[in-house]
Each structure stands twice: as C-alpha cells, then as structure tokens.
Amino acid sequence: MRTHRWVLLAGCLTICLPALRAQVFVVGEKTATADITTAFKPTDIPLPTGKMTERGRRDLVRSLNAEQGFAHRALPIGVITLQANGNLLPEPDKYRQMIYQKGQSAAAGDRVVVTALDIKGDKIVVDLNGGPYAKHRFLSHVQFGNAPVAGNTGEQATGSRVTLVFPDGVPEISGPEVKALLEPVIDFGVKSSDQAYADTLPPRLRDAIAAHEVLVGMNHRMVLASLGAPENKIREQQSGDLNGARYEEWIYGHVPQTVKFIRFVGDHVSVVEIAAMGKPLEIHDKNELDGSETPTNTREIAMGDRQPGKEGEDTTASTSPPSLRLPGEAKDPANAQRKVQYPAEDSASRKADSQPIPAAPGSPADTDAPQTQQTAAPIPSASTQGVPAQPGQVPRTQ
C-alpha cells in the first residue's frame, strides 16, 4: 500500500513540474547589475617616503573623520580594496557579484560620510555610512536570570568599507593626499548631489548638464541635474484620449523669458519645446543620445538572463500570463463556467409582464372587498357576567 502511495505522489509531481516551471520568474545577476559602471582609472599621486608618525596619525584622523563626499561608483555593502596609485579589487565581475549578493550601500552620485577611520600597518581603513558590519554590544551576552541586560535591536549594516593599501607601509601622508588617492571611489569636492551625479555621466551628457541644456532621451534625474526642479507640472493623456499613453510635462520659465516645455513618456524625455521671445517655436522630438549614453534605468527581466527563443527554452512563460493549466491544455475546456447571458427584452414586453402585486384579501388596501360598517361591541362589565365585585369596589350599573 505504501509503494502505491509513493508512485501516485511521483506521478503528481511529474505532472505539476512543467506548469510550475513556466510560472517561476528569476532575476539573474546580469540583469540586476546591468546599469552598474565598473570603469576604473588609477591615480598618479606622488607619495611621501617617511613613515607615519603619531602626530601625523592624529592629524589624519582629525581631518578625515566625519568628512562628507560623493560616491563616484556604486558601492557594495562589503569591503573593497584600493591600492594606492593602483587597481581596485575585486575585479569587475566579482564587484557586480558582491553588489548582487550583499546589496548596494550607495549609488553613483549619492552622498557618503566617513564614520570611522583606522590606520593599521600598511593600510588605511575607511568606513562609509556606518561600515559593512552591524555594531555589536557585549552586554547582549550578559543576563540576569533569563533576562538579557541589553536586547538585540536587529539593526542591519548598510555601509561600505574602503581599504587603502600602500606597498611599503603607510607614509606620512596628509588628508588632502588621501582624498586624492580615493578619487576613483569617492569625490570629496564641495559640490551638490546633482553635480556629483553629473560627473559620473559620459562627457557629452556632462557638458550638456553644465550648460543647462536638455537632450531628448534624458531621464528625470538628468533633467533635475541640468535645470533643477520645475515650477509647474502637467500630467495628461496624449490627444485627450482616456485610453492613450499618459505623459508628464515640466515647464520652466515665465514670459517674457525663455520658456522650456519638457515632455516625459515614462522615464525619458520625448519632446523638448523652447519658446523664446521674437523667435519661432523650437521643437526637438528626435532621440539625441546614442546607445552608450542612453540611461539604463529600466530593464527587462528575462528567465535567468537567458535569451528567449533559443533551443530548449520555454518562451511561453514570458508571453502568456500565469495559469494553472498544463502545457498544451485547451484555454477554455468544454465544461468551463462562463458569464451568464440574460435574454435581451424590449421595453414593451417588459412593461407588459410587470404587474403590481395584489393586496392581501381583507386588508385596508384591498379595494375589491365589500365595504361594511362594523361597530365595536361593548366590553361586558364584571357585574353583568355574574362575577362578584371585589371588596371595596362599587359595582357598575347599566
């Protein structure tokens, strides 16, 4: 009997596996990290030859601790190693894998803060935004009875750590020189977040943002870095059609100044209109960015980053909605329940069939009942019925 149960269970799993496999959507590593830039250019900063002294250590900690900067690249929640005037470790593929597995601490252009600085032998350890490890309190291991002295707060680490390694030990280096060595990872220049983000873009986009120009194909963040927040926003459908595509239009400027109308469809600029006094309306509706400059904010999720349509791959999962039917099963079986269809009736037949509900016989609403006058009979007294009167009660006489 037990053998038959196992056979039946294996048969059910065999039937259900194809359907379940068609409903699982997997976000692969390449898809999740497609917009992360790993381009790297080493620095060339002359380094001092003397060894680090205690006074130099204190000055370095004082000048860098709590310093704020902007991330030049996406920083993972983990430890990355930067060699002085050398390469960045891990390698680009492992760098993306670290971000995919552990998460991202800061995106390109985000503000970061130096929360800890430690100098050990041949390296300077810089913690950003709290570091990659959660703070540990030894009191959480101390208990009185069964009650811990300090409970676990459940805080998760969201920072990053950059280890700056020197080949011959940490020299007598100053704070500005350390900032220059960290330039490929962090920019400590005095600038806004929009300026820091613009520095991470290709040269053509960077020049357009510096000139406060908007190109067709930019995304929302690029337009904000170029022109700032708009004074007015309009959200409508194209051509006034309720079923048409929805667009958003940002308006900059007032008459008699130059007025710019920036139209977004989704996350990208589709039309730029520039209205200047005494000049014809200038309209840009063609994409002005090439493939390398087009922002990759939106991404398509493929089945484990596999290209659909190849041999041995099921393409129905990405084209058809999820369903409990088996592959090849008819869409609408013969016994499927469908929507109830009511017969179409015209108003004349419906009015003829509709009749008022008759009143109950004998009720005041019954108009067919004979009208008879009924007088209420007098209630007999106790004396007329032969019932003796109660003590102290005067009998009533008719």
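Residues numbered from 1 in each chain as written. Predicted model: local features only at pLDDT ≥ 70, side-chain atom pairs only at ≥ 80, totals over all residues. Heavy atoms only, no water.

### Thoughts on the environment of P171
With respect to the helices, strands and loops of the structure, P171 is situated in the loop between β10 (160-165) and α5 (175-181). Classification of P171 as buried rests on a relative accessible area of 5%. (Helix = DSSP H or I, 4+ residues; strand = E, 2+ residues; numbered from the N terminus. Buried < 20%, exposed > 50% of the residue type's maximum accessible area, 1.4 Å probe, protein only.)

### Description of the packing of aromatic side chains
Counted according to the given criterion, the structure contains one aromatic pair. With centroids separated by 4.7 Å and ring planes inclined at 55°, the aromatic side chains of W250 and F264 adopt a geometry described as tilted. One end of the pair, W250, is in strand β13 (residues 246-252); the other, F264, is in strand β14 (residues 259-265), with 14 residues separating them in the sequence. Comparing W250 with F264 shows no difference in burial state: the two are buried. Here the basic side chain of R221 rests over the ring of Y197, its NZ or CZ set 4.1 Å away from the ring centre. (Phe/Tyr/Trp six-rings, centres within 6.5 Å; stacked < 30°, edge-to-face > 60°. Lys NZ or Arg CZ within 6 Å of the ring centre and 35° of its normal.)

### Concerning helix α3 (residues 54-64)
Every buried residue of α3 is listed here: G56, L60 and L64. End-on view of α3: buried residues confined to an arc of 50°, all on one side of the axis. Exposed side chains of α3 directed beyond 90 degrees from the buried face belong to R55, R58 and R62. In the segment just after α3, A66 is the residue with positive phi, at about 65°. (Arc of directions from axis to C-beta.)

These results come straight from atomic positions and should not be treated as a statement about function.
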